[in-house]
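# Notes for the structure review
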Amino acid sequence: MNKKILLIILIMISSVFIIFNIFKNTYAYDYKDYDYTLFYKEDKEELASDIKKYIYDIDYLIYNNSDFSIYDSLSDNYEFMTNFAIDYISTHKDKYQDKIVLLETFKYTDNRYHDKVTNEYIDIDTIYDITDKYFGIKDFLILNDNINIIDKYISLSGNTSKDIDLDIYSVDIEEKDNNLLVNIKYENDLTTNYIYTFRIDNNILKLSNVEVR
């Protein structure tokens, strides 16, 4: 075979391989955004890397919906978990679009005292799916002031969008009993420690609390 033709074939094969891997990695990242499950791993360096990616996708939802001074644990704060799930759905509407229905208009005030309005609703079971996925808790009583419930549908009256910049600087892990204490520092505030507590539940990590120290 002519060397020039062989070279062209090799270049074409390499190009196809590169394009395939770019597509695969892009798709994998999108899939992780929606369905990433945080598994416990013995390799602490690999586990820290997984936790960093995991937290990066949800920390803005935690801080914009939390009041650390009221509850001893986030897992006791059903109002927080409901708002977390609503905001999670609102920022991933392309996944939940076929579950969102239009019902009566609902006016509400978000946690920044902005007056808002929505007619988008989603079934409560979807809310519980998200709270169970991240916190291991579901089927709790929803009593939030900022929501409207019609039959088994809850208004998507969210509090926030991804408009804060949280870049993780370091992740340190301490294992204690059946929990992981994860100390995270952010680049814009290296003097503050954010302690994420994860419960190890059948080798899956569920977030139970966040402390600011």
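Quick summary incoming for the structure in this document. Just so you know, the residues in each chain are numbered from 1, in the order the chain's sequence is written. A pLDDT threshold of at least 70 governs which residues receive local features in this predicted model, and a stricter bar of 80 or more applies before side-chain atom pairs are shown or counted, although totals over entire chains, interfaces and linings include all residues. Only heavy atoms go into the side-chain values, all of them from the structure, while hydrogens and water stay out.

### Focus on the environment of Phe-84
In DSSP terms, a helix is any run of H or I states spanning at least four residues, a strand is any run of E spanning at least two, and both are numbered starting from the N terminus. Within the fold, Phe-84 resides in helix α3 (residues 78–91). Counting along the chain gives 26 residues from Phe-84 to Ile-58, while the straight-line C-alpha distance between them is 8.9 Å. Contact between two residues is taken to exist if any of their heavy atoms lie within 4.5 Å; hydrogens are not considered. Look past the residues within four positions of Phe-84 in its chain and what remains in contact with it is Ile-58, Leu-61, Ile-62, Asn-65, Ile-130, Tyr-134 and Phe-135.

### Some points on the sheet that holds strand β6 (residues 179–186)
Strand order in this open sheet of 4 strands is β5-β6-β7-β8, and the pairing throughout is antiparallel. Strand pairing shows two members of the sheet lacking a second neighbour, β5 (168–176) and β8 (204–212), which therefore form its edges. Here the average twist between neighbouring strands, direction ignored, is 25°. Strands were regarded as paired on the criterion that DSSP finds at least two bridges between them. Where strand β7 (residues 189–201) and β8 come together, 8 bridges link them in antiparallel fashion. Residue pairing across strands places Ile-195 opposite Glu-211, the latter belonging to β8. Convention adopted: a line fitted to C-alpha atoms gives each axis, helices being fitted over their contacting stretch, and angles between N-to-C directions are expressed from 0 to 180 degrees. Together, β7 and β8 form the strand contacts of helix α5 (residues 124–135), whose direction differs from that of β8 by roughly 80°.

### Focus: the nonpolar core
What is meant by a nonpolar core is a set of buried Ala, Val, Leu, Ile, Met, Phe, Trp, Tyr and Cys residues, joined one to another through side-chain atoms within 4.5 Å. Only protein chains enter the accessibility calculation, which uses a 1.4 Å probe; a residue whose area is less than 20% of its type maximum is buried, one above 50% is exposed, and one in between is partly exposed. Counting residues in each nonpolar core, the largest one holds 50 residues, and the members touching the most others are Ile-62, Tyr-196 and Phe-198. When residues of this core are traced back to their parent elements, those giving at least two are α2 (44–63), α3, α5, β5, β6, β7 and β8. Sequence-distant contacts of Phe-198, that is, excluding residues within four places in its chain, are made with Leu-38, Ile-51, Tyr-54, Ile-55, Asn-178, Asn-179, Leu-180, Val-182, Leu-205, Lys-206, Leu-207 and Ser-208.

### So, the packing of aromatic side chains
What counts as a ring pair is set by centres within 6.5 Å for rings of Phe, Tyr and Trp (its six-membered ring), and what kind of pair is set by the plane angle: stacked under 30 degrees, edge-to-face over 60, tilted for all other angles. Scanning the model with the defined rule gives 15 aromatic pairs in all. Both rings, one in Phe-84 and one in Phe-135, keep their centres 5.1 Å apart while their planes meet at 75°; by these two values the pair is edge-to-face. Here Phe-84 is found in helix α3, whereas its partner Phe-135 is found in helix α5, with 51 residues between them in sequence. Phe-135 gets classed as buried once you look at its relative accessible area, which sits at 0%. Through pairs of rings, three or more aromatic residues link up here, namely Tyr-54, Phe-80, Phe-84, Tyr-88, Tyr-96, Tyr-134, Phe-135 and Phe-198. Two limits define a charge over a ring: the Lys NZ or Arg CZ must be within 6 Å of the ring centre, and within 35 degrees of the ring normal. Geometry around Tyr-134 places Lys-133 over its ring, the cationic atom sitting 5.3 Å from the centre.

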